[in-house]
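Observations on the model geometry
So the chains spell out like this:
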Amino acid sequence: MSSNPLSSWHTVAIDKTLKELSSNKDAGLSSQQVSERLQQYGPNELEETGGRSPWSIFIDQFTNIMLLMLMGVAIISGFLDLKSNTFPKDAIAIFAIVILNGILGYLQESKAEKALAALKNLSSPLVRVVRDGKTSEIAAKDVVPGDIMLLEAGVKIAADARLIEASNLQVRESALTGEALPVTKQAEIELAADASLGDRLNLIFQGTEVVQGRAKSIVTNTGMQTELGKIAAMIQSVETEPTPLQKRMGQLANVLVSGAMILVLIVVIGGMISFQNGNIGFDTSRFEELLKVSLSMAVAVVPEGLSAVVTVTLALGTKRMVKRNALIRKLPAVETLGSVTTICSDKTGTLTQNKMVVQRVHAGNSDVRIGGEGYAPIGIFTDRQKSTQINNLEEYPELESLLIACAVCNDAFLQHEQQEWTILGDPTEGALLSLAAKAGIYKDIQSQLLPRTAEFPFSSERKRMSVICELPGRSHNSGFPAHEGQQPNHLMLTKGSPELTLERCNWIIIGDRVQPLTQEMRDRILAENNDMASSGLRVLGFAYKLWETVPPSDSEETSEQDMIWLGLVSMLDAPRPEVREAVVKCRDAGIRVVMITGDHQLTAKAIAQDLGIASLGDRVLIGQELENLSQEELKQQVDQVSVYARVSPEHKLRIVQALQSLGKFVAMTGDGVNDAPALKQADIGIAMGITGTDVSKEASDMVLLDDNFATIVAAAEEGRVVYTNIRRFIKYILGSNIGEVLTIAAAPLMGLGGVPLTPLQILWMNLVTDGVPALALAVEPAEPNVMKRPPFSPRESIFARGMGSYMIRIGIIFAILTIAMMSWAYGYTHGATYQGDPNTWKTMVFTTLCLAQMGHAIAIRSNTQLTIELNPFTNIFVWGAVIVTTFLQLMLIYVPPLRAFFGTHYLSLFELMVCFGFSALMFIWIEMEKLFIRFYKRSR
Ligand code: ATP
């Protein structure tokens, strides 16, 4: 077998391709061949040449404006120290911290990239292949040359392949050729060797997408041997764009750095201005002291630890969401999920279980009840009119024809594996196979008797499909009687939405005769359909037509006309039990749930009422009505409609746009290839992990691993928790920064000699004593009211809803407490009887600021509940962080080498207690605030 590196497979006939690759178009490769080829060719993966190199990740860490400013501070501070013959400890420490920060940032980012790569694997596509004569789904990486690969609309093609059969196959090759319009492919042709990539209509390529139709193909090249591999690695990736908050944090950093620069200028220039004899002059003797003060203030303003904490929180958020079956593809979704105001959900499979069981069949004049559970082909048929069991199908010829149509007009497979009946393919079709098998009619046998020659595939727009089969040597009595005098060679079987299928019928089969379909019969069939649909059943209509020759491809509109009606099949798709509770949760959380389905309006309404999405008198808008509305008219109605039925994917896009123009923040689910535009337009596009097509997954922000509506609500809840926690620690960190700056600025103003805090001590506070408790606050569990309040706008400022005023208020309280303590301590340490170092007051200020932040961390866990009302065990990390950080702070004071390095002084027990006492006031203040707000609210 040649691996054909020239990839000129487009010149080779199908049979020769099969021979060259030693494969069989019906049975595929054997397991033995597969394992040999996996050895020979390796996994079907592209080597990742894209992405950032480790170096560029590392360098990027230092382009952060805050770190650049810190380096500036280090250089100036080092220069000042060297000038005064002091060891440049601060400068070295700052550089060490900048580098450490860079390394930590690097480790974090590479870890995040790895985690995202793992997520990518989780959502990597499955491929349907035939091996050992059996159809199965395998991971894309296990595909080998010679594999028989089956394709349908929405699939992202996993390897390069030569087409064996193609029906209506359209492929979007923009990833490879840049051509946006889909290309129609054909199997039965051979092309000249010089045909360009875009003209190779008998080949399909890795990375391109099936937009329409179905096909069978033989894999020719995998991995780096594919065309995509050759033009080097355009890899599908989980996107890592910054979240709105991260962007705003970037802006905040700019504001803070500019603010810090201005502060430096004001303090240095303002401090040097002197008034002498009515003249303004410059007193340059204070320059160095003022520069030191202002450098400390610049370091204090910048929240060095903040960006790391935000990144960690978002990463932990994605992790928690995956645990709840929501896979985040685009990081902003983690934080914006909490802002969703409207969830537009599909019905089938998301609100319902997608485990279909046929309940009733209506064929000719008979109305039949079907027994049995699940997909097991065991169940009793009962004639509902006679209340008798049906044992002999010959007495019900129309029923038998209908059951054959169920088995043949079908692309699913019924399987019996490990004592369990399962299906491969669409559950609706699985239920039909199980129904036919209950009467002893099996797809494999029927498909041999009626070999398929062509098809008009299913699409959500057409809401039906047809297959065309040969009628070799079949007599007039094939179960599908012909019109008088007709000599058919081919049979077309059609199934789809009952109204649309019935519309295309002029005949009906009664007994073994074809009769004209009268208006009365039509009305009766539609009444029957409505009866089934209003009890929540999903109904399909069946019809057939006989042909002398195969109808031309692409002629579905004209060919699916003048058909002969076979009957109705209705199936139960029970609602998922957990959805009802999730809908109630949404209502409490101010989130509106809207059902958008391709199914019948009565089916949709019955299920929506059952789930609490719609109430009794609510209006259902159907696709046809929607079509007639202008966008402006639709905008006026979207607020009142909770159920959209019989819609096509393009309607979904209009619904999202109408909702968004009303200012709603919309999450929208989708699974089909044509849902991609709506998923992209929605604020949160949600694809189905199990039933979703690859194309819909790529267009989405989030993938539901279990296809379950309740998972969306769980993810929204996690989103709210993440956002609340981020706001909480921003409040916590920035509040303390304001306190630090004011305290440092106050010292020279109060005429106290020197800077109370060195840059090194400030970095210690910002990174360690603030940073560690902030990390612990990031894992704070949900507050009890998290899903009991309306959503917050994703566009609100970080400082909205009292956060800005909180930070300023707490910053000022912080400063007042520390300044009061500083003033007392200065006097105390400069007293005549004081025996220690007179600079000890500085260490007391340093310690009080650190300890006050510990009280702040404990109190800020809840905005409304007092600390004694909170269960300490719900976030033991905060307590752990407080204990560890306090211990570290004490080490800085009591371990001599650390004391020397950080420039602190020994504190006596009395002095330490004073620091504890003042900092406890911070905790008491915040708790009092909560009490005050509580009483204020109650008295209103
Ligand atoms: P939802 O949009 O909630 O997932 P749905 O599954 O009904 O609902 P579609 O898959 O677009 O949406 O199907 C639309 C309609 O097409 C169905 O209501 C049914 O009448 C018909 N239909 C669905 N599956 C098939 C099929 N395999 N063959 C023929 N007709 C089908």
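The rules behind each value
Residues numbered from 1 in each chain as written. Predicted model: local features only at pLDDT ≥ 70, side-chain atom pairs only at ≥ 80, totals over all residues. Heavy atoms only, no water. Pairing = 2+ DSSP bridges. Helix = DSSP H or I, 4+ residues; strand = E, 2+ residues; numbered from the N terminus. Buried < 20%, exposed > 50% of the residue type's maximum accessible area, 1.4 Å probe, protein only. Contact = heavy atoms within 4.5 Å. Salt bridge = Lys/Arg side-chain N within 4 Å of Asp/Glu carboxyl O. pLDDT = per-residue confidence, 0-100. Disulfide = S-S within 2.5 Å. Axes fitted to C-alpha atoms, helices over the stretch in contact; angles between N-to-C directions. Parallel < 35°, antiparallel > 145°, perpendicular 65-115°, else oblique. Left-handed = near helix turned anticlockwise from the far one by under 90°. Expected span 1.5 Å × (residues − 1). Nonpolar A, V, L, I, M, F, W, Y, C, P; charged D, E, K, R; others polar. Near = heavy atom within 4 Å. Polar contact = N/O pair within 3.5 Å; in protein donor to acceptor, adjacent residues only side chain to side chain. Domains from an automatic or database assignment. Buried area = accessible area lost by both parts, 1.4 Å probe. Phe/Tyr/Trp six-rings, centres within 6.5 Å; stacked < 30°, edge-to-face > 60°. Lys NZ or Arg CZ within 6 Å of the ring centre and 35° of its normal.

Next up on the list: the pairing of strand β22 (residues 513-516). Relative to β22, strand β21 (residues 505-510) runs antiparallel, the two being bridged by 4 bridges. Note that in β22 the partner of I509 across the bridge is V514. Hairpin geometry of β21 and β22 is characterised by an intervening segment of 2 residues between the two adjacent antiparallel strands and by a positive phi of about 65° at G511.

Within an α-helix, residues lying three or four positions from one another point in the same direction, as the helix has 3.6 residues per turn. Along helix α19 (residues 601-611), the positions that sit buried rather than exposed are T603, A604, A606, I607, A608 and L611. Looking at the packing, one finds that the buried side of α19 touches α16 (519-534), β23 (538-547), α18 (579-588), β25 (592-596) and β27 (643-645). The positive-phi residue at the C-terminal boundary of α19 is G612, with phi of around 85°.

For the structure on display, the rule yields 37 salt bridges. The partner of R384 in a salt bridge is D367, with the nearest N and O atoms 3.0 Å apart. Highlighted residues: R384 in the loop between β14 (381-383) and β15 (388-389) and D367 in strand β13 (residues 366-370), separated in sequence by 17 residues. Taking relative accessible area as the criterion, D367 reaches 8% and is therefore assigned buried. Residue D639 is joined to K664 by a salt bridge in which the shortest nitrogen-to-oxygen separation is 4.0 Å.

Across the chain, the average pLDDT comes to 86, with 94% of residues at 70 or higher. Counting contacts from residues 1-6, a segment whose pLDDT is below 50, to residues more than four positions away or on other chains yields 13 contacts. Every residue in residues 232-239 is under pLDDT 50, and counting partners more than four places away or in other chains gives 27 contacts.

Going through the model one piece at a time under the given rule, you end up with 0 disulfides. Looking at C344, it has no disulfide partner, and the nearest cysteine sulfur is the one in C586, 12 Å off.

In the contact formed by helix α25 (residues 709-749) and helix α29 (residues 840-859), the axes pass within 11 Å of each other and the chain directions differ by 155°. Considering their axes alone, α25 and α29 lie roughly antiparallel with respect to each other. Crossing of α25 against α29: the hand is right-handed. Of the residues in α29, those touching α25 at K731, Y732, S736, E740 and T743 are V845, L849, Q853, M854, H856 and A857.

If you check α29, its first and last C-alpha atoms are 29 Å apart, about what 20 residues at 1.5 Å a residue would give, namely 28 Å. For α29, the buried fraction is high: 20 of the 20 residues fall into the buried class.

Further remarks concern the packing of helix α26 (residues 759-769) against α29. Contact pair α26 / α29: the axes reach a minimum separation of 11 Å and the direction vectors enclose 15°. Classed by the angle they form, the pair α26 and α29 counts as roughly parallel. The element α26 and its partner α29 pack so that their crossing is right-handed. Of the residues in α29, those in contact with Q761, W764, M765 and T769 of α26 are F846, L849, C850 and M854. Across the contact of α26 with α29, the residue classes break down as 6 nonpolar, 2 polar and no charged.

Moving on: the sheet that holds β25. In spatial order, the strands read β10-β30-β29-β28-β11-β25-β27-β26; together these 8 strands make up an open sheet with mixed pairing. On the outer flanks of this sheet lie β10 (326-328) and β26 (620-622), each paired with one strand and no other. Pairwise comparison of adjacent strand axes, ignoring direction, gives a mean angle of 20° for this sheet. Here strand β11 (residues 342-345) pairs with strand β28 (residues 666-670) via 3 bridges, running parallel. Paired with I343 across the two strands is A667, which belongs to β28.

What follows is about the site of the ligand. Within the structure, the ligand sits among 19 residues, and K347, T348, S460, R538 and T597 are positioned closest to it. The backbone of K347 places a nitrogen or oxygen atom 2.6 Å from an oxygen atom of the ligand. With respect to the ligand, the side chain of D599 contributes an N or O atom lying 3.2 Å from an oxygen atom. Mapped onto the shell around the ligand, the elements with two or more residues apiece are β20 (490-496) and β23.

Turning our eyes to something else, we now look at the environment of L526. Mapped onto the secondary structure, L526 falls in helix α16. With relative accessibility at 31%, the residue L526 sits in the partly exposed group. A C-alpha to C-alpha distance of 7.3 Å links L526 and E499, two positions 27 residues apart in sequence. With near-sequence residues (within four places) excluded, L526 lies in contact with E499 and L502.

Let us now look at the domain arrangement of the chain. We note that the domain assignment places domain 1 (1-237), domain 2 (326-350 + 577-707), domain 3 (365-552) and domain 4 (726-939) within the chain. For domain 1 versus domain 4, the separation of C-alpha centres amounts to 49 Å. Summed over both sides, the interface between domain 1 and domain 4 buries roughly 670 Å², with carbon and sulfur atoms accounting for 80% of that surface. It is K89, D90 and I97 that lose the most area in domain 1 upon contact with domain 4, and together they represent 60% of the buried surface on that side. Taken together, the links from domain 1 to domain 4 amount to 1 residue pair in polar contact (both at pLDDT 80 or more). Ranked by residue count, the leading element in the side of domain 1 that touches domain 4 is helix α5 (residues 89-122), at 6 residues. Across the side of domain 1 that touches domain 4, the residue classes break down as 4 nonpolar, 1 polar and 2 charged.

Attention now goes to the packing of aromatic side chains. Going through the model one piece at a time under the given rule, you end up with 10 aromatic pairs. Centre to centre, the rings of W824 and Y828 are 4.9 Å apart; their planes meet at 10°, and the pair counts as stacked. Of this pair, W824 and Y828 are both found in helix α28 (residues 803-829), 4 residues apart, which corresponds to roughly one turn of the helix. In this structure an aromatic cluster arises from ring pairing among W824, Y828, Y834 and F910. Against the face of Y806 rests K731, its NZ or CZ located 4.6 Å from the ring centre.

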